[in-house]
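Coordinate inspection notes
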Amino acid sequence: MKRKVTMVVVVVVLYFIVLIASSKVFSLSKDASVNKELTFDEKLEMLGNINKKVRYFKNDFIDRYIAYKQKHPNLSNDSVVTEVNIGLDQEFYTNIKKSNNLNTTYVLVNKFNYLDEDFVPNKLETIDIKYSLGEKKLVNVARISFEFLAKKASENGYNIRAVSTYRSYDYQTTLYNNYVKNDGVNNADKYSARPGFSEHQTGLAVDVDNVSTDYMHFENTNEFQWMQDNAYKYGFILRYPKDKEYITGYTYEPWHYRYVGVEIASIIHKSNLTYEEYYIKYINKF
Ligand SMILES: [Zn+2]
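Residues numbered from 1 in each chain as written. Predicted model: local features only at pLDDT ≥ 70, side-chain atom pairs only at ≥ 80, totals over all residues. Heavy atoms only, no water.

Focus: the packing of aromatic side chains
Where we set the bar: Stacked, tilted and edge-to-face pairs are distinguished by plane angle, under 30 degrees for stacked and over 60 for edge-to-face with tilted covering the rest, among Phe, Tyr and Trp rings (Trp via its six-membered ring) whose centres lie within 6.5 Å. The buried label applies to any residue whose accessible area, calculated with a 1.4 Å probe on protein chains only, is under 20% of its type's maximum; exposed applies above 50%, and partly exposed to all values in between. Comment: the charge-over-ring label is applied if NZ (Lys) or CZ (Arg) is within 6 Å of the ring centre and within 35 degrees of the ring normal.
A full pass over the atoms with the stated rule returns 17 aromatic pairs. Between Phe57 and Tyr65, the ring centres sit 5.0 Å apart and the planes meet at 40 degrees, which makes this aromatic pair tilted. Looking at Phe57, the relative accessible area reads 7%, which means it is buried. By relative accessible area, which is 0% here, Tyr65 ends up buried. The ring of Tyr250 carries the charged tip of Lys111 above its face, separated from the ring centre by 4.3 Å.

Focus: the coordination of the zinc ion
Defined as follows: Distances up to 2.8 Å from the metal define which N, O and S atoms are donors, and 3.2 Å serves for Na, K and Ca; water is absent from the atom set, so sites may look incomplete. Numbered from the N terminus, helices here are DSSP runs of H or I no shorter than four residues, and strands are runs of E no shorter than two.
On the protein side, the zinc ion has His200 (NE2), Asp207 (OD), Asp207 (OD) and His256 (ND1) as donor atoms, found 2.1 to 2.7 Å from it. Between consecutive donor residues of the zinc ion, the sequence gaps follow H-x6-D-x48-H. With His200 in the loop between helix 6 (169-191) and strand 6 (205-209) and His256 in strand 8 (residues 256-259), this residue pair connects regions lying 56 residues apart in the sequence. Residue classification places His200 among the buried residues on the basis of a relative accessible area of 3%. We classify His256 as buried; its relative accessible area is 3%.

A closer look at the environment of His269
The following threshold applies: By definition in these notes, contact holds between two residues if any of their heavy atoms fall within 4.5 Å.
Turning to its location among the elements, His269 is positioned in helix 9 (residues 262-271). Judged by its relative accessible area of 39%, His269 is partly exposed. For the pair His269 and Gln228, spaced 41 residues apart in sequence, the C-alpha separation works out to 8.8 Å. Beyond its immediate stretch of four places on either side in the chain, His269 contacts Gln228 and Tyr232.

Points about the packing of helix 3 (residues 62-71) against helix 4 (residues 77-86)
For the record, the criterion: Here an angle of 0 to 180 degrees is reported between the N-to-C directions of two axes, which are lines fitted to C-alpha atoms, with helices fitted over the stretch in contact. When an angle is under 35 degrees it counts as roughly parallel; over 145 it counts as roughly antiparallel; between 65 and 115 it counts as roughly perpendicular; any other value is oblique. By convention the crossing between two helices is left-handed if the near helix lies anticlockwise of the far one by an angle smaller than a right angle, and right-handed if it lies clockwise. Residue type decides the class: Asp, Glu, Lys and Arg count as charged, Ala, Val, Leu, Ile, Met, Phe, Trp, Tyr, Cys and Pro as nonpolar, and the leftover types, Gly among them, as polar.
Their axes nearest at 9 Å, the elements helix 3 and helix 4 cross at an angle of 120 degrees. As summarised for this structure, helix 3 and helix 4 are arranged oblique, according to the angle between their axes. Between helix 3 and helix 4 the crossing geometry is right-handed. Across the interface between the two elements, Arg64, Tyr65, Tyr68 and Lys69 of helix 3 pack against Asn77, Val80, Val81, Glu83, Val84 and Asn85 of helix 4. Among the residues making up the contact of helix 3 with helix 4, the classes are represented as 5 nonpolar, 2 polar and 3 charged.

Quick word on the environment of Gly235
As for its position among the elements, Gly235 is in the loop between helix 7 (222-230) and strand 7 (236-238). Judged by relative accessible area, Gly235 falls into the buried class, the value being 0%.

Remarks on the sheet that holds strand 7
Strands pair in a sheet through their backbones, by hydrogen bonds, and they do so in one of two ways: parallel or antiparallel. Quick note on the threshold: Whether two strands pair comes down to DSSP finding at least two bridges between them.
Strand order in the open sheet made by the 4 strands is 5-6-8-7, with antiparallel pairing throughout. Among the strands making up the open sheet, the edge pair consists of strand 5 (161-164) and strand 7. Across the sheet, the mean angle from the axis of one strand to that of its neighbour is 45 degrees, orientation sign disregarded. Sheet topology places strand 7 next to strand 8; 3 bridges connect them, and they run antiparallel. Paired with Leu238 across the strands is Tyr257, a residue of strand 8.

Structural notes on the pattern of salt bridges
So the rule is basically this: What counts as a salt bridge is simple: a side-chain nitrogen of Lys or Arg found within 4 Å of a carboxyl oxygen of Asp or Glu.
For the coordinates displayed, the defined rule picks out 16 salt bridges. With a shortest N-O distance of 3.0 Å, Lys281 and Asp78 are connected by a salt bridge. You can see Lys281 sitting in helix 10 (residues 275-283) and its partner Asp78 sitting in helix 4, a full 203 residues away along the chain. The class of Lys281 is buried, set by a relative accessible area of 14%. Overall, the relative accessible area of 28% leaves Asp78 in the partly exposed class.

So this is what it looks like as structure tokens:
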């Protein structure tokens, strides 16, 4: 008799465990709006209590994390948090905000973070004409590092030349509008930034060529390989890598480099992170 009672208790307990588990699975597959009925702790549980493991987890974003996880069930929770923090659960150029950390070497400017029309970086300086096409300017530290990089390259038989560097808001407006006129908004957005959203306005970005080949074909030059192996030693990263368009918002640009300083550039070189991911994980953490 006692054994029978124990059996019944076990069955009832098992029944409730199955019920609770299936309701969790069910709630994951339902529309995000249903999550509003759940408590914060229940939502956290749906995400495997990732807040305890991921230091850049933001409580305010919990519904966005859950919705993103539902859309991308194979992504790790860490990637869900990183990508939502970047803003990738929204369309590019929506949910935009002003860039923080202006006039630092780690400022993030992309399709979610913009610079004001009147923002002009401090300490813009002209690059040695030996290493540029006409008069080109970068912010002091980036200018010094770029010249150092170009000098070292040249000593080893490689020509690295700056063909586009700091661009003002107005200049970017002219550029972008011309691209749109010729190619339409959708195409222009893949390779050109809208005014205020261009990294070139920071004075920390540089497009390069090897003097003899058009910069669009920089990837096919020995200089590109040299940059792959050495740019980070001078604080520069390849900003729009291959196959990362969904994060950076730009198609692969083998010619576009961004100064972030040697420490950050070395980490990015080793880890293969995009600058967006690095920024969320190590700079703009909460
Ligand atoms: Zn560029």
